[in-house]
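If you want the building blocks of each chain, they are given just below.
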Amino acid sequence: QVQLVESGGGLVQPGGSLRLICSASGSIFSSKTMAWYRQGSGKQRELVAHISPGGTTAYADSVKGRFTISRDNAKSTVYLQMNSLKPEDTAVYYCNYRFSPLASWGQGTEVTVSS
């Protein structure tokens, strides 16, 4: 069973940047389309971005042009570079597979955008 561990969150001012990191255990990482999701307070979890094993990416309209997803298959790690952050980006961010069946959810990493 794969384990997903997210890190890199924190408090940042509007317009600032953060880089989130997701480390995955298990040998199947390189064959999986990976994704970042987020869940704001009182909101449903939503898909933010995903990346195929070969590096093809896609983004939610709300983050397009500001966020960049990338991966390092050798390190079983996926990243989310977040620039020009807005208060509405405040949420707990999770990584997981893009397509079902999903892995067990990690603890997530909290991002707060506030002045």
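What counts as what
Residues numbered from 1 in each chain as written. Predicted model: local features only at pLDDT ≥ 70, side-chain atom pairs only at ≥ 80, totals over all residues. Heavy atoms only, no water. Pairing = 2+ DSSP bridges. Helix = DSSP H or I, 4+ residues; strand = E, 2+ residues; numbered from the N terminus. Axes fitted to C-alpha atoms, helices over the stretch in contact; angles between N-to-C directions. Core = buried A, V, L, I, M, F, W, Y, C linked by side-chain atoms within 4.5 Å. Buried < 20%, exposed > 50% of the residue type's maximum accessible area, 1.4 Å probe, protein only. Contact = heavy atoms within 4.5 Å. Disulfide = S-S within 2.5 Å. Salt bridge = Lys/Arg side-chain N within 4 Å of Asp/Glu carboxyl O.

Turning to the sheet that holds strand β7 (residues 67–72), a few remarks are in order. Taken in spatial order, the 4 strands of this open sheet run β1-β3-β8-β7, and their pairing is antiparallel. At either end of the open sheet lies a strand with only one pairing partner, and these are β1 (4–7) and β7. Geometrically, the sheet is characterised by an average inter-axis angle of 15° between neighbouring strands, direction not taken into account. Sheet analysis places strand β3 (residues 18–24) next to strand β8 (residues 77–82), joined by 6 bridges and oriented antiparallel. Paired with L18 across the strands is M82, a residue of β8.

Time to look at the nonpolar core. Core analysis: the largest hydrophobic core is formed by 27 residues, its most contacted members being W36, V78, L80, M82 and Y93. Elements that contribute at least two residues to this core include exactly β3, β4 (34–39), β5 (46–51), β7, β8, β9 (91–97) and β10 (109–113). With residues up to four places along the chain from it excluded, the contact list for L80 reads L18, R19, L20, W36, V48, A49, F67, T68, I69 and Y93.

Right, let's get into the environment of P53. When you line up the elements, P53 lands in the loop between β5 and β6 (57–59). Distance in space between the C-alpha atoms of P53 and G106 is 21 Å, their sequence separation being 53 residues. Those residues in contact with P53 that sit more than four places away from it in its chain are S30, S31, K32, T33, R71 and N73.

Counted according to the given criterion, the structure contains 1 disulfide. The disulfide partner of C22 is C95, and the gap between their sulfur atoms is 1.8 Å. Classification of the bridge connecting C22 and C95 rests on its S-S torsion, roughly 50°, and on that basis the disulfide is right-handed. With C22 in strand β3 and C95 in strand β9, this residue pair connects regions lying 73 residues apart in the sequence. Like C95, C22 is buried.

Pairs can form between side chains of opposite charge whenever their charged atoms are close. Under the counting rule described, the total for this entry stands at 4 salt bridges. Of the charged contacts in the structure, one is a salt bridge between R38 and E46, with a shortest N-O distance of 2.6 Å. Residue classification places R38 among the buried positions, given a relative accessible area of 5%. When its relative accessible area of 35% is taken as the criterion, E46 is described as partly exposed. Shared partners join several salt bridges into a network, and the residues in it are R38, E46, R66 and D89.

Next up on the list: the pairing of β4. Along β4, 5 of the 6 residues are buried, which leaves the element largely enclosed by surrounding structure. Pairing between β4 and β5: 5 bridges, direction antiparallel. Within β5, the position partnered with A35 by the bridge is H50. With antiparallel pairing between neighbouring strands as the criterion, β4 and β5 make up a hairpin whose turn holds 6 residues, including G42 at a positive phi of roughly 75°. Strand direction decides the pairing type here: β4 and β9, joined by 6 bridges, are antiparallel. Residue pairing across strands places W36 opposite C95, the latter belonging to β9.

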